[in-house]
Amino acid sequence: MPDSAAAGGLDTFIAGLPKAELHVHHVGSASPRIVAELAARHRDSAVPADPEALADYFSFRDFAHFIQVYLSVVDLIRDAEDVRLLTFEVARDMARQNVRYAELTVTPYSSTRRGIPDREFMAAIEDARKAAEAELGVTLRWCFDIPGEAGLASAEETARMAVDLRPDGLVSFGLGGPEIGVPRPQFKPYFDRARAAGLHSVPHAGETTGPETVWDALRELGAERIGHGTSAAGDPRLLEHLAEHRIPLEVCPTSNIATRAVATLDEHPIRQMVAAGVLVTVNSDDPPMFGTDLNTEYAVAARLLELDHRGVAALAKNAVEASFLDAPGKARITAEIDAYTAAW
Ligand SMILES: [Zn+2]
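Nothing here was measured: the structure is a model prediction, and the numbers come from that model. Residue numbering note: each chain is counted from 1, following its sequence as written. Reporting of local features is limited, given that this is a predicted model, to residues whose pLDDT is at least 70; pairs of side-chain atoms are given and counted only at 80 or more, and all residues count toward the totals for whole chains, interfaces and linings. Calculation of side-chain values draws on the structure's entire complement of heavy atoms; hydrogens and water are dropped beforehand.

J.: Just to check I follow, could you spell out the overall build of the protein chain for this structure?
T.: Only runs of H or I of at least four residues qualify as helices and only runs of E of at least two qualify as strands under DSSP, and these elements are numbered from the N terminus. Looking only at helices and strands, the protein chain features 16 helices and eight strands. Put simply, the radius of gyration uses C-alpha atoms, and a globule should come to 2.2 Å times the residue count raised to 0.38. For 344 residues, the compact-globule estimate of 2.2 N^0.38 gives 20 Å, and the protein chain sits close to it at 19 Å. A 1.4 Å probe rolled over the protein chains alone gives each residue an accessible area, and that area as a share of the maximum for its type sets the label: buried under 20%, exposed over 50%, partly exposed in between. For the protein chain, the residues scored as buried account for 57% of the 344 residues in total. Residues count as neighbours in contact if any of their non-hydrogen atoms are within 4.5 Å of one another. The contacts in the protein chain between residues at least 6 apart in sequence include a share of 73% that link residues at least 24 apart. Both charge centroids of the protein chain, one from 33 positive and one from 51 negative side chains, sit 3 Å from each other. Lys and Arg are tallied as positive, Asp and Glu as negative. Neither His nor the chain termini are counted. Charged groups are reduced to one reference atom each: NZ for lysine, CZ for arginine, CG for aspartic acid, CD for glutamic acid.

J.: Could you clarify how one ought to interpret the pattern of salt bridges in this entry?
T.: Salt bridge, as used here, is a side-chain nitrogen of Lys or Arg placed within 4 Å of a carboxyl oxygen of Asp or Glu. In this structure the tally under the stated criterion is 24 salt bridges. D93 is paired through a salt bridge with R96; the nearest N and O atoms lie 3.2 Å apart. Here the residue D93 and the residue R96 both occupy positions in helix α5 (residues 80-96), the gap between them amounting to three residues, near one helical turn. By relative accessible area, D93 is classed as buried at 17%. One salt bridge connects D192 with R195, and the closest N-O pair in it is separated by 3.9 Å. With D192 and R195 both in helix α9 (residues 188-196) and three residues apart, this pair spans about one turn of that helix. Accessibility expressed as a relative area gives 30% for D192, which makes it partly exposed. For R195, a relative accessible area of 38% corresponds to the partly exposed category. Through salt bridges with shared partners, one network takes in R33, E37, E89, R92, D93 and R96.

J.: What am I meant to see in the coordination of the zinc ion here?
T.: Angles at a metal have ideal values that depend on geometry: 109.5 degrees with four tetrahedral donors, 90 or 180 degrees with six octahedral donors. Here a donor is any nitrogen, oxygen or sulfur atom (N, O, S) within 2.8 Å of the metal, with 3.2 Å used for Na, K and Ca; water is not among the atoms considered, so some sites may look incomplete. Taken together, the protein ligands of the zinc ion are H23 (NE2), H25 (NE2), H204 (NE2) and D285 (OD), with distances of 2.1 to 2.4 Å. One chain supplies every donor for the zinc ion, spaced along it as H-x1-H-x178-H-x80-D. H25 shares its class with H23; the two are buried.

J.: How do you make sense of the packing of aromatic side chains when you look at a structure like this?
T.: Two aromatic rings, taken as a pair, are described by how far apart their centres are and by the angle between their planes. Paired rings are identified among Phe, Tyr and Trp, the last through its six-membered ring, by centres lying within 6.5 Å, and are further divided according to the angle between planes into stacked (under 30 degrees), edge-to-face (over 60) and tilted (the rest). Within this structure, the stated rule accounts for seven aromatic pairs. A ring pair is formed by F13 and W344, whose centres lie 5.1 Å apart and whose planes are at 75 degrees; its orientation type is edge-to-face. Of this pair, F13 sits in helix α1 (residues 3-16) while W344 sits in the segment after α16 (327-343), and the two are 331 residues apart along the sequence. Taking 6.5 Å as the distance between ring centres and 65 degrees as the angle between the ring planes, the aromatic pair formed by Y57 and F58 counts as edge-to-face. For Y57, a relative accessible area of 18% puts it in the buried group. With a relative accessible area of 4%, F58 lands in the buried category. An aromatic cluster of three or more residues is present, and its members are F13, Y340 and W344.

J.: So what exactly am I meant to see when it comes to the layout of surface pockets here?
T.: Unfilled space is identified by rolling a water-sized probe across the atoms. Here a cavity denotes a set of grid points, spaced 1 Å apart and computed over the protein atoms alone, in which a 1.4 Å probe fits but from which it cannot get out, and a pocket denotes an open set meeting protein on both sides within 12 Å along at least five of seven lines; residues with an atom within 4 Å of a point are reported as lining. Grid points are joined across faces, edges and corners, and a volume is the space filled by probe spheres set on the points. There is about 810 Å³ of room inside the largest pocket. Considering the residues around the largest pocket, the lining is formed by 30 residues, among which F66, I67, E149, G177 and P178 are closest to the centre. Listed by contribution, the elements that provide at least two residues to the lining of the largest pocket are α4 (63-74) and β3 (139-147). Sorting elements by how many residues they give to the lining of the largest pocket places α4 first, with six residues. Considering only residue class, the lining of the largest pocket consists of 12 nonpolar, 10 polar and eight charged. If you list the elements that add at least two residues to the lining of the second largest pocket, you get β1 (19-25) and α5. For the lining of the second largest pocket, the element with the highest residue contribution is α5, accounting for three residues. In this classification, the charged set is Asp, Glu, Lys and Arg, the nonpolar set is Ala, Val, Leu, Ile, Met, Phe, Trp, Tyr, Cys and Pro, and all remaining amino acids, among them Gly, are polar.

The structure is reproduced here in structure tokens:
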């Protein structure tokens, strides 16, 4: 079989494969279709409501352009109905890729500081979660993350909402935003509170700074999974620690290129991570804004790791294992992956 046909076969396999996603942002998942719907609700926005104009608006140019698009989408999330629509429609895009389960990173502070009442925000995401499960077969869980660039006031607010208003779908507590100039240890008290309330710790670390940030996330924030952890590959002792303690990495290859955390895909450290025995999961981060989706990320990983369809299925099972889904839920999706793979 020629290479191209083999690759095409693998793409088809990936498209139909039941998948779980662990690192994907709520607002960052707004596709042009969803943004068009939001823009139509808010005609005064600078964002075009015409899908064709939007496709061009969205085509990834550079990181500054990504921030511009991201912020303009944030500006379209003005009331609880926007939140509900965004969340449900993100799940619809996931269902089309056969994503069965996703832990969506939600930044409630971005919405509450813009005036959406916190309880309305919680009700909107929970309403969308229940509808997504019933109508689309997609199970959603939440990771509430601190927008690191917004400082300790945002950390306080995010911890308060996570602990005091805790929606049923909330499973974890995170930390996003820039790493440079935003040391992880200052967020320890907020992670302590969230962890004491039974939430899992999933900070971003080692995306744009060195392995010491990942150590900080482990030691100070009690990280149970690491968002990105790209620079861990430069510290063999850290890779050994992650492998030994089964602390998974949420790897987002195309995002790492888009943000220039990694120069080229061929230089991506995913190979070293896997070779060191680390539990690696593949994720899409802010898919439409980086011009990707989860299926594309699996295809990228398959190429970099030279995987056949069984290897890709094993990667999908890593995500299920690394998730915070309960044991019956994990067993159900794993069985679906196995059945799909066996029938291929
Ligand atoms: Zn992220």
